[in-house]
Amino acid sequence: MSDTSISDASAEIRKFISKVWWIALLRGVLLVLLGIYALYNPELTLIVFTKILGAFILIDGVFSIIAAVAGWSESRVWSLTRGILSILVGIFIYAHPVVVGAIAAATLIILMSVQIVTGGVMEIIVAIQKRKAIEGEGWLIFDGLILILLGFLLFLTPFFWGMVLVRVFGVFAILIGIIAIVLSLRIRKLGQMTMPDAD
């Protein structure tokens, strides 16, 4: 392939990409709106995500039952059982998003707190056992105590920290959305730059 052909193909690709710049723009705007919504309404955001999860599980259950009836799965009994359970779980999650969302958030935070406390305890143990071989073991012990304290704080108020995580997600969504918007505008400019070449 000649250099001219490669150049023409590259120009065509750039023109095609520039025509769909609005998709990246729309994605960015939606992410920014979702992030703002998560910052100001973390409880409702958690409920919405929980409902989406329930809907996905429900749809998966329906497909499993269809696969069992149509004979698409190796074990019809297992596929049918899985489908029925998935539908029941999906309906429960969708009908009780507050309860399920709170439990999910609390479970995640509790698991994090256990891991943090365990890490703090291990740091203290290592600092005591290796105090003769390392310097600054006092700082390791202090760091371990801080981790243990943080773990207990997470454990005592899991739902509060769950809302904090939703807000952190909101911040990241806004940042990613802004990046997508900037990228979409650059893609649009790329298309404008290639227009003279096409003439």
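The structure this text deals with has already been given above.
A brief structural summary. (Residues numbered from 1 in each chain as written. Predicted model: local features only at pLDDT ≥ 70, side-chain atom pairs only at ≥ 80, totals over all residues. Heavy atoms only, no water.)

### Digging into the nonpolar core
And then number 1: Within the largest apolar cluster, five residues are counted, these being Ala38, Leu46, Ala105, Met163 and Val166.
And then number 2: Among residues more than four places away in sequence, those in contact with Leu46 are Gly101, Ala102, Ala105, Phe159, Met163 and Val166. (Core = buried A, V, L, I, M, F, W, Y, C linked by side-chain atoms within 4.5 Å. Buried < 20%, exposed > 50% of the residue type's maximum accessible area, 1.4 Å probe, protein only. Contact = heavy atoms within 4.5 Å.)

### Here's the deal with helix α5 (residues 97-129)
And then number 1: Compared with the 48 Å implied by 1.5 Å per residue over 33 residues, the 48 Å span of α5 between its first and last C-alpha is a close match.
And then number 2: Within α5, burial applies to Pro97, Val100, Gly101, Ala105, Ala106, Ile109, Ser113, Ile116, Val117, Gly120, Ile124 and Ala127. (Helix = DSSP H or I, 4+ residues; strand = E, 2+ residues; numbered from the N terminus. Expected span 1.5 Å × (residues − 1).)

### Section: the packing of aromatic side chains
And then number 1: Under the criterion given, the structure shown has one aromatic pair.
And then number 2: Ring geometry for Phe160 against Trp161: centres 5.2 Å apart, planes inclined by 75 degrees, an arrangement best described as edge-to-face.
And then number 3: The ring centre of Tyr94 lies 5.4 Å from the NZ or CZ of Lys51, which sits over that ring. (Phe/Tyr/Trp six-rings, centres within 6.5 Å; stacked < 30°, edge-to-face > 60°. Lys NZ or Arg CZ within 6 Å of the ring centre and 35° of its normal.)

### Brief notes about the packing of helix α3 (residues 42-70) against helix α4 (residues 76-95)
And then number 1: Where α3 meets α4, the closest approach of the two axes is 7 Å, and the angle between their N-to-C directions is 160 degrees. Comparing the axis directions of α3 and α4 gives the class roughly antiparallel. In terms of crossing hand, the pair formed by α3 and α4 is left-handed.
And then number 2: A per-class count over the contact of α3 with α4 returns 16 nonpolar, eight polar and four charged. (Axes fitted to C-alpha atoms, helices over the stretch in contact; angles between N-to-C directions. Parallel < 35°, antiparallel > 145°, perpendicular 65-115°, else oblique. Left-handed = near helix turned anticlockwise from the far one by under 90°. Nonpolar A, V, L, I, M, F, W, Y, C, P; charged D, E, K, R; others polar.)

Distances and angles like these do not, on their own, reveal function.
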